[in-house]
Amino acid sequence: MIIQFLFIGLPYAAIAAVVIGTYYRLTRKEYTVSSLSSQFLESTFLKWGSVPWHLGILVIFIGHLVPFLLPDLWADLVKHRPILIALEAVGFVAGVMCVLGLVVLIIRRIFTSTLQLVTKPLDFVVYVLLLSQILLGLVTAYSYRYGSVWAPGTVYAYLYGILRLSPDMTYVQDMPFVIQAHIALAWVILMLIPFTRLIHMFSIPLEYLFRLPQKVVWTNEVRWNRRSERAQYMESRRYFFRGVAGVTGAAGLLSFGVLEKSGHYFQGQTLDDAKEATLLEKRLKRMKLTAEEKSYELERLKNDAIFIADLKELQPATGKYFIDYEMRPALAFRDAKGLPNLLSAKCTHLGCTVGKDVDGQGRIVCPCHVSYFDIGTGVPQAGSPTEIPLEHIAWHLRATDGTIVAHGTPDGTVATTAAYDAAKSETYKVFIIKSKGVTVA
Ligand code: FES
């Protein structure tokens, strides 16, 4: 329920708030669209905080936007390892710049008495949220490498679903907590834009570039004597801003093509009967899969033990996939003593399904980012992107009359009962059990 709220309800609430709230601020309260500059009150620390923060966040924003708008180009780029490492490094450095800049800005607000008078509690809320968001991003970048590779197929696929009004949170619901928190906090920050100083991102003083030059008459004699120098400076600044506007305009034209393609992408195409039939078939298939998934869920809710295989089917070198009580993929092997060995097949890195084939060193591999797991202990090999072992799944081995002859627990312990008879092992059946509330006879 909370997951549904965070990844479906919250996004739409945030989008509605930012569209309606920003429209209201821009049209009804246009003179409040600003971050209330405090440069006149304190400028030294502002420079050391504001510049790294704005540079860093601009780089991060572009780094998140490009793969979203140009997924194919991005995929082509990041498949080259040197480019991937360079992009990740630039993003990480930009994140560190943001953190340093924000820390300076927060300290400046706390310790400058003149600033305290113009600082609202909501300003601190914004600072803390932004700092938390950047820190979560840095932890994600460091712990779940490489986001440039896995995010387009997961997080961005989820975002496309939100924008197409067909949200699919399966892309993100099994992700690690840090990544989920990063996504959810992004929606919260988006929602706050119209109500906080963040609104200033929409105040672009374009008219400044085209208004008539203004003549400033100084009554101060020293300044009067320096007027031509000052006038030249103002003029050169105007040319600089015009240059920036020209470059931005060219970039805008360039991105028009991209936006047009994106428009087609989100709008979809006009379908003839054949295409519509194909689409319907796909939907039907998806609905059947959902129904099948729900029937598995129901079976697991109603039963304390579920048959998954005859013992004779299980092999030491190739696992058999099944669905565990948590509705995750899992693998069943036969160990050296001829007993079952059941492991979760959900990779502890980012949730991909681990392969079923055991290599010469007794390991199974997750193909997504190459994590090797020991098949006996579930522990990942050193150097894998994850350090968390695969879980053992609790099981019972039963004779044909239902007597329990052996069992395995979630901590990996395996034991046989007095009824176990190795000679009859080929007739035994393997059941997964609810780890709580089921006792071993
Ligand atoms: S999901 Fe990354 S290694 Fe498995």
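Thresholds applied
- Residues numbered from 1 in each chain as written.
- Predicted model: local features only at pLDDT ≥ 70, side-chain atom pairs only at ≥ 80, totals over all residues.
- Heavy atoms only, no water.
- Salt bridge = Lys/Arg side-chain N within 4 Å of Asp/Glu carboxyl O.
- Buried < 20%, exposed > 50% of the residue type's maximum accessible area, 1.4 Å probe, protein only.
- Phe/Tyr/Trp six-rings, centres within 6.5 Å; stacked < 30°, edge-to-face > 60°.
- Helix = DSSP H or I, 4+ residues; strand = E, 2+ residues; numbered from the N terminus.
- Lys NZ or Arg CZ within 6 Å of the ring centre and 35° of its normal.

A. The arrangement of the pattern of salt bridges in detail. Overall, the coordinates contain 12 salt bridges when judged by the stated rule. A salt bridge links R363 to D359; the shortest N-O distance between them is 2.8 Å. Owing to a relative accessible area of 13%, R363 belongs among the buried residues under this scheme. Connected through salt bridges with shared partners, the residues D324, R328 and E391 form a single ionic network.

B. Just the packing of aromatic side chains, in detail. For the coordinates displayed, the defined rule picks out five aromatic pairs. An angle of 90° between the planes, with centres 6.0 Å apart, marks the rings of F7 and Y158 as edge-to-face. Note that F7 is positioned in helix α1 (residues 2-28) and Y158 in helix α8 (residues 155-163), a separation of 151 residues in sequence. Classification of Y158 by relative accessible area gives buried; the value is 0%. When the centroid spacing of 5.7 Å and the interplanar angle of 70° are considered together, the rings of F307 and F431 count as edge-to-face. Linking F307 in strand β1 (residues 305-310) with F431 in strand β10 (residues 429-433), this pair joins segments that are 124 residues apart in sequence. On the accessibility criterion, F307 (39% relative accessible area) is partly exposed. When its relative accessible area of 16% is taken as the criterion, F431 is described as buried. One aromatic cluster in this structure is built from F68, Y156 and Y160. Looking at R363, its charged tip hangs above the ring of Y372, at a distance of 4.0 Å from the centre. Positioned over the ring face of F431 is R398, at 4.7 Å from the centre of the ring.

Without other data, these values stay purely geometric and don't point to any function.
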